[in-house]
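Chains, contacts and geometry: an overview
Listed below are the residues making up each chain.
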Amino acid sequence: MYRRIIGWVVLVPLCAVLVIFALANRQLVVLNFNPFASVEQITAPGYGIPLFLVLYVVLLVGVLLGGVATWFTQGPHRQRERHWRREAAALSSELEAQRKTPGASRNNALSEVDDLMDLR
């Protein structure tokens, strides 16, 4: 409940700031990716896009690149997690096989494991 309230308290003002920013920066700008372009080419009449749109696209690209970088950084952690899940599944199946073995005398360690499993 508190997370939802805190989310609203943060997101509503943030959205309001973004809308106000977009309304305040509606002027058209010309994008040029050629650093060697002459001044005449840059100031020549042509098409422009709103400044807020340029900034929102740059923000979106930054968020996406940050997410991709984080995903690659967490790769070793995910690999360890998969390893331990496979090992836990193997040990669980081994324990079940030991429990289902007919006529096998249950040793003390196996009964302790059963007691611990029953506590959950």
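Residues numbered from 1 in each chain as written. Predicted model: local features only at pLDDT ≥ 70, side-chain atom pairs only at ≥ 80, totals over all residues. Heavy atoms only, no water.

Side note on the packing of aromatic side chains
Keep this limit in mind: Two rings belonging to Phe, Tyr or Trp (six-membered ring only in the last case) form a pair when the distance between their centres is within 6.5 Å. Interplanar angles under 30 degrees mark stacking, angles over 60 mark edge-to-face geometry, and anything in between is tilted.
Summed over the entire model, instances satisfying the criterion amount to 3 aromatic pairs. Judged by centre distance (5.0 Å) and plane angle (65°), the ring pair of W71 and F72 falls under edge-to-face. Cluster of aromatic residues (ring-pair linked, three or more members): F21, F52 and Y56.

Considerations on the confidence of the model for the protein
Which entries qualify depends on this criterion: pLDDT gives the predictor's per-residue confidence on a scale running from 0 to 100. Put simply, DSSP marks the helices as runs of H or I at least four residues long and the strands as runs of E at least two long, and each gets a number from the N terminus on.
Chain-level pLDDT for the protein is 84 on average; 88% of the residues reach the 70-or-more range. The element-level mean pLDDT for the protein is lowest in helix 5 (residues 108–119), coming to 68, with helix 3 (residues 51–73) highest at 94.

Some remarks on a nonpolar patch on the surface
Put simply, the test is: Excluding any residue in a salt bridge, patches collect residues exceeding 30% relative accessible area, merging like charges within 9 Å and nonpolar Val, Leu, Ile, Met, Phe, Trp and Tyr side chains within 5 Å. For the accessible areas, the method is Shrake-Rupley and the probe is 1.4 Å, while residue cover comes only from the protein chains on display. Here, a salt bridge means any side-chain nitrogen of Lys or Arg that lies within 4 Å of a carboxyl oxygen of Asp or Glu.
Together, L31, F33, I49, L53, V57, V61 and L65 make up an exposed nonpolar region whose accessible area comes to about 680 Å². In terms of residue count, the dominant contributor to the nonpolar patch is helix 3 (4 residues). Along the chain, F33 falls in the loop between strand 1 (28–29) and helix 2 (39–43).

What about the side chain of N25?
Here is the rule: Think of it in three bands: with a 1.4 Å probe and only protein chains considered, a residue is buried below 20% of the maximum accessible area for its type, exposed above 50%, and partly exposed in between. N or O atoms within 3.5 Å of each other form a polar contact, as long as, within protein, one can give a hydrogen and the other can take it, and as long as residues adjacent in sequence are counted only when both atoms are side-chain atoms. Note on definitions: a residue-residue contact is assigned when non-hydrogen atoms from the two residues lie within 4.5 Å.
Tracing the chain through its elements places N25 in the loop between helix 1 (2–24) and strand 1. Residue classification places N25 among the buried positions, given a relative accessible area of 15%. A distance of 3.0 Å separates a polar side-chain atom of N25 from the backbone oxygen of F21. N25 has contacts with P50, L51 and F52, leaving out every residue within four places of it along the chain.

Details of the packing of helix 1 against helix 3
Put simply, the rule reads: Comment: axis = line fitted to C-alpha atoms, over the contacting stretch for helices; angle = value between 0 and 180 degrees taken between N-to-C directions. Roughly parallel refers to an angle under 35 degrees, roughly antiparallel to one over 145, roughly perpendicular to one between 65 and 115, and oblique to any angle outside these ranges. Residue polarity is assigned by list, with Asp, Glu, Lys and Arg as charged and Ala, Val, Leu, Ile, Met, Phe, Trp, Tyr, Cys and Pro as nonpolar; anything else, Gly included, falls into the polar class.
The contact between helix 1 and helix 3 brings their axes to 7 Å, and the two run at 140°. The angle between helix 1 and helix 3 places the two elements in the oblique class. Contacts between helix 1 and helix 3 involve L18, V19, F21 and A22 from the former and F52, L55 and Y56 from the latter. Looking at the contact of helix 1 with helix 3 residue by residue, the class counts come to 7 nonpolar, no polar and no charged.

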